[in-house]
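Given next are the chains, with one letter for each unit.
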Amino acid sequence: DPKIIQKPKYLVAVTGSEKILICEQYLGHNAMYWYRQSAKKPLEFMFSYSYQKLMDNQTASSRFQPQSSKKNHLDLQITALKPDDSATYFCASSQAGLGTEVFFGKGTRLTVV
Amino acid sequence: QQKVQQSPESLIVPEGGMASLNCTSSDRNVDYFWWYRQHSGKSPKMLMSIFSNGEKEEGRFTVHLNKASLHTSLHIRDSQPSDSALYLCAGRGSALGRLHFGAGTQLIVIP
């Protein structure tokens, strides 16, 4: 059973629209993250949350907004979508701590047309 | 500038052969390393981690780390076709959960 659930698996969006990517983890971790992977760039860190608080934001654009309604949920809202936003978005989690393993969900593949 | 560089970009080895993958950090603050494997269309899964100088072996996989040069390597012996995947090196960043990933080495094991 997958322990980090991401929905949807695939998403096609029109330029200028808004989408929300869903993530829930059942590993009992207290920290959650978003990463992005595209054909043009390696897997890159976007955000980290711990105990529902934003800890780190490496996304320059305010169009990307994480939302945490519960400790084990971390959704990602993306507004004013652009074709360059097309990528696979991975939700990840770990126990807080610099040497702990980061586990990844199966990803949401977003295509913006 | 990318903090973690991997080489080679791609590697083809015969089944049963040895695959050697390299990774170097250009940032002295990036000094703990993980190796992840990502099969096509799947999520990255952690293979091994190494935080101190030396060598660590788990089954067919061996990792080395030289902290002075911030260089780590992954060696896969008796390579199998199922080992064909993208191998990602990740270095620990200064913030919680922030891993700096290299671009990866695409390994192809030919039967």
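Nothing here was measured: the structure is a model prediction, and the numbers come from that model.

S.K.: Please provide a residue-by-residue account of the overall build of chain A, values included.
M.R.: The number of helices and strands found in chain A is 0 helices and 11 strands. Ordered by position from N to C terminus, the α and β elements of chain A give β-β-β-β-β-β-β-β-β-β-β. In summary, chain A has a C-alpha radius of gyration of 13 Å against a globular reference of 13 Å for 113 residues, a match within 12%. By its C-alpha atoms, chain A is 35 × 30 × 25 Å across when sized along the principal axes. Across chain A, every contact between residues at least 6 apart in sequence was considered, and the portion connecting residues at least 24 apart equals 54%.

S.K.: Any chance you could break down the interface of chain B and chain A for me, citing the residues and the numbers?
M.R.: Every contact between the two is made by 23 residues of chain B and, on the other side, 23 residues of chain A. For the chain B face of the interface with chain A, the top three residues by lost area are L96, R98 and F101 of chain B, together amounting to 34%. D56 of chain A is paired through a salt bridge with R98 of chain B; the nearest N and O atoms lie 2.7 Å apart. In this assembly, chain B and chain A are joined by 5 residue pairs in polar contact (both at pLDDT 80 or more). By residue class, the composition of the side of chain B that touches chain A is 13 nonpolar, 7 polar and 3 charged.

S.K.: Let's hear about the pairing of strand β4 (residues 33–38) of chain B: which residues, and what values?
M.R.: All names here are of chain B. Across the 6 residues that make up β4, a large majority, 6, are buried. Alternating positions in β4 separate into two faces, F33, W35 and R37 on one and W34, Y36 and Q38 on the other, with burial throughout. Note: β4 against strand β5 (residues 45–50), 5 bridges, orientation antiparallel. Pairing of Y36 across the sheet is with M46, part of β5. In this structure, the hairpin formed by β4 and β5 is closed by a connection of 6 residues, where G41 is found at a positive phi of approximately 80 degrees.

So, how was this worked out
Residues numbered from 1 in each chain as written. Chains lettered and ligands numbered in written order. Predicted model: local features only at pLDDT ≥ 70, side-chain atom pairs only at ≥ 80, totals over all residues. Heavy atoms only, no water. Helix = DSSP H or I, 4+ residues; strand = E, 2+ residues; numbered from the N terminus. Rg over C-alpha atoms; globule rule 2.2 N^0.38 Å. Contact = heavy atoms within 4.5 Å. Buried area = accessible area lost by both parts, 1.4 Å probe. Salt bridge = Lys/Arg side-chain N within 4 Å of Asp/Glu carboxyl O. Polar contact = N/O pair within 3.5 Å; in protein donor to acceptor, adjacent residues only side chain to side chain. Nonpolar A, V, L, I, M, F, W, Y, C, P; charged D, E, K, R; others polar. Buried < 20%, exposed > 50% of the residue type's maximum accessible area, 1.4 Å probe, protein only. Pairing = 2+ DSSP bridges.

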